[in-house]
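Survey of secondary and tertiary structure
Residue strings, one per chain:
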Amino acid sequence: MTKTAKGSLLYLDGVSVAFDGFKAINNLSLVLEPGEMRAIIGPNGAGKTTMMDIVTGKTRPDTGDVIFDGEVDLTRHDETDIAALGIGRKFQKPTVFESHTVEDNLELALDRRRGVFATLFYDQTQKDREAIDRILETTRLTARRHERAANLSHGQKQWLEIGMLLAQNPKLLLVDEPVAGMTDAETEETARLLREIAQNHSVVVVEHDMGFVRELDVKVTVLAEGSVLAEGSLDHVSNDSKVIENYLGR
Amino acid sequence: MITSFVFKALDRRAIWVIAVLVGLAVLVPLLNLALPAGHPLHVPNYAISLMGKYLTYALLALALDLVWGYCGILSLGHGAFFALGGYAMGMYLMRQIGARGVYGDPVLPDFMVFLNWQELPWFWYGFDQFWFAAIMIVLVPGALAFVFGWFAFRSRVTGVYLSIITQAMTYALLLAFFRNEMGFGGNNGLTDFKDILGYAIQADTTRAALFSASALALAAAFLICSGIVRSKFGKVLVAVRDAESRSRFFGYRVENVKLFVFVVSAMMAGVAGALYVPQVGIINPGEFAPANSIEVVIWTAVGGRGTLVGPIVGAVLVNAGKSVFTAAFPEFWLFALGALFVAVTLFLPKGIVGALSGLATRRPRRPAPVIRDAAGEAAE
């Protein structure tokens, strides 16, 4: 089975998980190539967030294979290990460290050694400062660098979290509904940020907003009731009869 | 590496606190020993021990603030680490009594003779040496915190559940130390101390020296805590406190972060206990009482958690209040303490120091955010 996983970045095969008898994920299979950006859409309760929980180690699947980078079995690792392997995650509700400044948030996320003693005796180097400056620039938060993250607007928090993921520099980035609750201008800005990230990272975006998915212009996977319903370009899947019946038509 | 750690630790507040503590360590014994008893600036003998005791409480509260204020671990069992450090010191002091005890046994402490024990239990070996006792003072509380934390943090026990099992831990130790067979003096604990490092424990000079040692230990602990919270590790602590699972997804090993800070804190509490015992002259299982640990939480909350200075202020103020109150209206003290905790929670959620520094920083900085907001609006 691992043979087919070779060469892929993320490989899910026959994954199922049930909560109190309810099958949140039902025999889900999905393959992501290195460097690919993928949008995942589907109605509420389709298992989109649960799928992310499984990939990032928050939930263990009952059955099935979850292989990262062609060889690492993710079901054997916890959140910290998986983050260290190079999988970053952006939550639906922006989760940043509220009582830290914007700058400190980025410093914490920065891809450096994370052990107790490494952080205890850490000194910010010129290189680290430059990396933080660059990300502040990309996320347009330079003016607010010394502001506590709690004081940012909803959209700015989302960008800060995306900035933190940039700092973490993962091989694979999972993004959960990045534009929920955003204004049109903010949505556009977020699409720009994600496309920029996708230039040198693999990204999976879960989204409800069809306009946003169209703007991303990438391959789309449609989930429903815990399994894949259709896969292909947005035009292709939106003409699929099963998709129309299950999701779009409703 | 170490120098940059110390350099970062010494912000203005830390320099002030350390300067005041070192000043007290020099000045108070001087005012006690050098001035005649009638002089207006003379510090009376009883006040030396009393203030020395407050400083050890302050050290205990500081240790709690490191885990509670910065990492969100509400330990309701820090009194256990304090008491263990106290017992280690008490064992050393017991062995210093030698043949001067009531029963005159050169090796066995009185209570062992009383229980008809023939020889010293193995765990009392080495406590006739101060260096050995000094190591045990930090090692025993540290080891308990390590084992306890290893299981608790790995199993992701957090919040109120963790607080409850820390209470259970100190209560279990209370029951264990009450038993005579444990070999720590049972109900009566350890007392009747004669001397420490060869100096008579009742002597004015010894009391003054113990006061200074308490002030200096508190200063050293403050330096360490300040260094920890101002390092990147300190930022990780706060990150874990505010968004534990988020920090996991950024690749931080939360259980190790918590374990480290819990062990460091327990060791500080142990040192506090060790300095407390020679100044009050007794250590008994009552120190493990769950209520003691809860009181430490009150001192920290009153002073202001997550400030490092706050718990010191809180411990000294509340205990000074307790000394005055229990003398004047003994039966009302517990009501006053309870009322204080409720009042602080309602009106000063950040404690005394938190409220004061909130006032101090808000005023001068007020114009700045306005300008920034205006700039932000213009940009949008």
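Fair warning: this is a prediction, and the values are worked out from it, not measured in the lab. (Residues numbered from 1 in each chain as written. Chains lettered and ligands numbered in written order. Predicted model: local features only at pLDDT ≥ 70, side-chain atom pairs only at ≥ 80, totals over all residues. Heavy atoms only, no water.)

**So, the overall build of chain A**
The helix and strand inventory of chain A stands at 11 helices and 10 strands. When the 250 residues of chain A are sorted by exposure, 57% land in the buried category. Considering only residue pairs separated by 6 or more positions, chain A has 67% of its internal contacts joining residues 24 or more positions apart. When the accessible surface of chain A is split by element, carbon and sulfur atoms take 47% of a total near 10900 Å². (Helix = DSSP H or I, 4+ residues; strand = E, 2+ residues; numbered from the N terminus. Buried < 20%, exposed > 50% of the residue type's maximum accessible area, 1.4 Å probe, protein only. Contact = heavy atoms within 4.5 Å. Areas by Shrake-Rupley, 256 points an atom, 1.4 Å probe, with all protein chains shown as cover.)

**A word on the packing of aromatic side chains**
In total, this model carries 26 aromatic pairs over all chains according to the counting rule given. Geometrically, the ring pair formed by B:Y87 and B:F288 is stacked, given 6.0 Å between the ring centres and 15° between the ring planes. Here B:Y87 is found in helix α4 (residues 78–97), whereas its partner B:F288 is found in the loop between β4 (282–283) and α12 (290–303), with 201 residues between them in sequence. What makes B:Y87 buried here is its relative accessible area of 2%. Summarising the aromatic geometry, the rings of B:F127 and B:F132 are spaced 5.3 Å apart at their centres and angled 85° between planes, so their arrangement reads as edge-to-face. A relative accessible area of 21% places B:F132 in the partly exposed class. A connected cluster of aromatic rings, assembled from ring pairs, spans B:Y87, B:W122, B:F123, B:F177, B:F184 and B:F288. The side chain of A:R114 reaches across the aromatic face of B:Y252, ending 4.9 Å from its centre. The ring of A:Y122 has B:K232 sitting right over it, with the charged end atom 4.1 Å from the ring centre. (Phe/Tyr/Trp six-rings, centres within 6.5 Å; stacked < 30°, edge-to-face > 60°. Lys NZ or Arg CZ within 6 Å of the ring centre and 35° of its normal.)

**Thoughts on the environment of A:I162**
Inspection of the secondary structure assignment puts A:I162 in helix α7 (residues 154–168). Those residues in contact with A:I162, other than ones at most four positions away along the chain, are A:K90, A:T190, A:L193 and A:I197.

**Observations regarding the state of the cysteines**
Residue and element names in this part refer to chain B. Tallied over the full model, the rule gives zero disulfides over all chains. As a non-bridged cysteine, C71 has C225 as the owner of its nearest cysteine sulfur, 13 Å distant. Assessed through its relative accessible area of 0%, C225 is described here as buried. (Disulfide = S-S within 2.5 Å.)

**A few points about the sheet that holds strand β3 (residues 37–41) of chain A**
Residues and elements named next belong to chain A. With mixed pairing, the six strands of this open sheet are ordered in space as β6-β7-β8-β3-β9-β10. The strands lining the two open edges of the sheet, one partner per strand, are β6 (87–90) and β10 (227–232). When strand polarity is set aside, the average angle formed by the axes of neighbouring strands in this sheet is 20°. Here β6 runs beside strand β7 (residues 172–176); their pairing, made up of four bridges, is parallel. Note on β7: the bridge partner recorded for G88 is L173. (Pairing = 2+ DSSP bridges. Axes fitted to C-alpha atoms, helices over the stretch in contact; angles between N-to-C directions.)

**Some remarks on the pairing of strand β2 (residues 22–32) of chain A**
Residue and element names in this part refer to chain A. Taken together, the seven bridges between strand β1 (residues 10–19) and β2 define a ladder with antiparallel strand orientation. If you follow L10 over to β2, its bridge partner there is L32. Hairpin remark: β1 followed by β2, antiparallel, with two residues in the connecting loop; positive phi at D20, about 50°.

**Here we look at the UniProt feature "transmembrane region" (unreviewed entry) in chain B**
Residue and element names in this part refer to chain B. The positions that UniProt labels "transmembrane region" (unreviewed entry) are, in the present scheme, residues 14–34, 80–98, 130–153, 160–178, 208–229, 257–277 and 332–356. With 100% helix and 0% strand, the stretch residues 160–178 has end C-alpha atoms that lie 27 Å from each other. Along residues 332–356 the backbone is 84% helical and 0% strand, and the end-to-end C-alpha distance reaches 28 Å. (UniProt positions renumbered as here; feature names shortened; annotations may be inferred.)

**Quick word on the packing of helix α3 (residues 45–68) of chain B against helix α11 (residues 254–280) of chain B**
Residues and elements named next belong to chain B. Relative orientation of the contacting elements α3 and α11 amounts to 170°, with a least axis distance of 8 Å. By the angle between their axes, α3 is roughly antiparallel relative to α11. Contacts between α3 and α11 involve I48, S49, G52, K53, T56, Y57, L59, L60, A63, L64, L66 and V67 from the first element and V261, F262, V264, S265, M268, A269, V271, A272, L275, Y276, Q279 and V280 from the second. Partitioned by chemical class, the residues of the contact of α3 with α11 number 18 nonpolar, five polar and one charged. (Parallel < 35°, antiparallel > 145°, perpendicular 65-115°, else oblique. Nonpolar A, V, L, I, M, F, W, Y, C, P; charged D, E, K, R; others polar.)

**Quick notes on helix α2 (residues 12–33) of chain B**
Residues that lie three or four places apart on an α-helix share one face, since the helix turns once every 3.6 residues. Residues and elements named next belong to chain B. For α2, spanning 22 residues, the distance from its first C-alpha to its last is 32 Å, which sits close to the expected 32 Å at 1.5 Å a residue. At L24, α2 shows its maximal kink, close to 25°. Those residues of α2 lying buried are A14, V17, I18, L21, A25, V28, P29 and N32. Elements in contact with the buried residues of α2: α1 (2–9), α3, α8 (204–230) and α13 (309–328). (Expected span 1.5 Å × (residues − 1). Bend = angle between axes of the 7 residues up to and from the residue.)

**Looking at the confidence of the model for chain A**
Per-residue pLDDT for chain A has a mean of 89; in total, 98% of the residues score no lower than 70. Of all the helices and strands in chain A, helix α1 (residues 2–5) of chain A carries the lowest mean pLDDT, 62, while helix α4 (residues 102–109) of chain A carries the highest, 96. (pLDDT = per-residue confidence, 0-100.)

**Let's talk about the nonpolar core**
For soluble globular proteins, the rule of thumb is that nonpolar side chains tend to be buried together. Ranked by size, the top nonpolar core spans 165 residues in total, and within it A:L160, A:V222, B:W124, B:L190, B:F222 and B:F288 carry the most contacts. When residues of this core are assigned to their parent elements, the largest contribution, 16 residues, is made by α11(B). When neighbours within four sequence positions are excluded, A:V222 is seen to be in contact with A:I41, A:S227, A:V228, A:L229, A:A230, A:V237, A:V243 and A:Y247. Counting residues in each nonpolar core, the second largest holds 27 residues, with A:L12, A:F68, A:I82 and A:V206 among its members. (Core = buried A, V, L, I, M, F, W, Y, C linked by side-chain atoms within 4.5 Å.)

**A short note on the interface of chain A and chain B**
Between chain A and chain B, the contact holds 34 residues from the first and 31 residues from the second. Around 3100 Å² of area is buried between chain A and chain B when both sides are counted, 61% of it from carbon and sulfur atoms. Per-residue buried area on chain A facing chain B is highest for A:F97, A:L120 and A:F121; these three make up 20% of the total on that side. Where chain A meets chain B, there are seven salt bridges. Between A:D78 and B:R253 there is a salt bridge; the shortest N-O distance is 2.8 Å. Taken together, the connections running from chain A to chain B amount to 20 residue pairs in polar contact (both at pLDDT 80 or more). Secondary-structure elements contributing two or more residues to the side of chain A that touches chain B are α3 (79–85), β6, α4, α5 (116–120) and α7 of chain A. Classifying every residue of the side of chain A that touches chain B gives 13 nonpolar, seven polar and 14 charged. (Buried area = accessible area lost by both parts, 1.4 Å probe. Salt bridge = Lys/Arg side-chain N within 4 Å of Asp/Glu carboxyl O. Polar contact = N/O pair within 3.5 Å; in protein donor to acceptor, adjacent residues only side chain to side chain.)

**A few points about the pattern of salt bridges**
Counted by the stated rule, this structure contains 31 salt bridges over all chains. Put simply, B:K8 and A:D123 hold a salt bridge, and the shortest N to O gap is 3.5 Å. Of this pair, B:K8 sits in helix α1 while A:D123 sits in the loop between α5 and α6 (126–138), placing the two residues on different chains. The exposure class assigned to A:D123 is partly exposed, which follows from its relative accessible area of 38%. A salt bridge links A:E161 to B:R246, with the shortest nitrogen-to-oxygen separation between them at 2.9 Å.

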